[in-house]
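Overview (structure and organization)
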Amino acid sequence: MFQKRQLRIIYLVILIIVLVLVYKSFTQHGPPAAEGDVEQTSGGSEAMLKPSAPVLVVVYYEALCPDSKNFVLHQLQPAFDRAPELMDIEFVPFGKASWTTKSDGSLEFDCQHGPIECEGNTIHACVVEAVREPRTRLGMVACMIQNNIMPRDIFYRCAKEHGVEIESIKKCYDSPHGAELLKVHGEATHALRPAVSFIPTVTLDGAQYVQKSILKDLFGNVCQVVAGRGPKPDVCK
């Protein structure tokens, strides 16, 4: 009889301890989240932390165009300096040029601002192919477009200023490869829809949007594209 009473007391103590532990687990940690809630919370956190992909900014321009020069120096370069993580910049030097294929298979170009611009466009085409580091490539284009009246001289000076290897680029624009590159840029320019009516033309992720707005406020327009994907970055606020 005494043993049974002891067992009952032991069982009661164990039950009380279990109840206390269960109570503490609910009051201190709260109820466990449902599996779906955990996945949703985790996914939301990753989405908040993961940076948006940069906006692809493609600049269709020409070497001697004053408006192209103004855009590169006063919109593109400052916007990149302010938030390089928001932009992936590509250059298409061609503008309102045209080309014909001569009987010997070589290419002949006719550019809006004359033969010097054709030479400048070709050098730009070779530079943007060879220089893939974004800041250096933008720096080269900005440096050259400031004064492309003597395209080769300005290329040499800018290449030395930015530490760019000269000989391979020189080999490019002195060979048929430079002309072929320029033709590729011409095909890309002519393929734009709506068709190019003003140089420079700038696309953001492949869309032209309102060109007047982009040319006057590139940074603001890039921020609008980024904000359309999710939270607006702090740099845009």
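Quick note: structure is the one above.
In this report, the structure presented in the accompanying data block is examined. Every value quoted in this text rests on a predicted model; they were computed, and no experiment measured them. (Residues numbered from 1 in each chain as written. Predicted model: local features only at pLDDT ≥ 70, side-chain atom pairs only at ≥ 80, totals over all residues. Heavy atoms only, no water.)

**Brief notes about the sheet that holds strand β2 (residues 87-93)**
The mixed open sheet is built from three strands, whose spatial order is β2-β1-β5. Single-partner strands in this sheet number two, and they are β2 and β5 (201-204). With strand direction ignored, the average angle separating the axes of adjacent strands in the sheet is 15°. The pairing of strand β1 (residues 55-61) with β2 spans seven bridges and is parallel. When the sheet's bridge partners are listed, Val55 is paired in β2 with Met87. Its contacts with the sheet put helix α4 (residues 115-130) on β1 and β2, and the angle it makes with β2 is roughly 145°. Along the sheet face, helix α8 (residues 176-190) touches β1 and β2 and points at about 110° away from the line of β2. (Pairing = 2+ DSSP bridges. Helix = DSSP H or I, 4+ residues; strand = E, 2+ residues; numbered from the N terminus. Axes fitted to C-alpha atoms, helices over the stretch in contact; angles between N-to-C directions. Contact = heavy atoms within 4.5 Å.)

**Quick look at the nonpolar core**
Formed by 31 residues in total, the largest nonpolar core has its most connected members in Val57, Leu76, Phe91, Leu204, Leu218 and Val222. Within the residue set of this core, elements represented by two or more residues are β1, α3 (66-82), β2, α5 (134-145), β5, α9 (211-216) and α10 (218-227). Every residue in contact with Phe91, bar those within four places of it in the chain, is listed here: Val59, Tyr61, Leu76, Val128, Arg137, Leu138, Val141 and His185. (Core = buried A, V, L, I, M, F, W, Y, C linked by side-chain atoms within 4.5 Å. Buried < 20%, exposed > 50% of the residue type's maximum accessible area, 1.4 Å probe, protein only.)

**Things to note about the state of the cysteines**
One pass over the structure, following the stated rule, counts four disulfides. A disulfide bridge connects Cys111 with Cys118, and the sulfur atoms are separated by 2.1 Å. Torsion about the S-S bond of the Cys111 and Cys118 cystine: about 120°, corresponding to right-handed handedness. Owing to a relative accessible area of 6%, Cys111 belongs among the buried residues under this scheme. For Cys118, a relative accessible area of 10% puts it in the buried group. A sulfur-sulfur distance of 2.0 Å marks the disulfide that ties Cys223 to Cys236. Handedness of the Cys223-Cys236 disulfide follows from its S-S torsion of about -80°: it is left-handed. Linking Cys223 in helix α10 with Cys236 in the segment after α10, this pair joins segments that are 13 residues apart in sequence. Taking relative accessible area as the criterion, Cys236 reaches 14% and is therefore assigned buried. Across the protein chain, the way the bonded cysteines pair up, counted in sequence order, is 1-2, 3-6, 4-5, 7-8. (Disulfide = S-S within 2.5 Å.)

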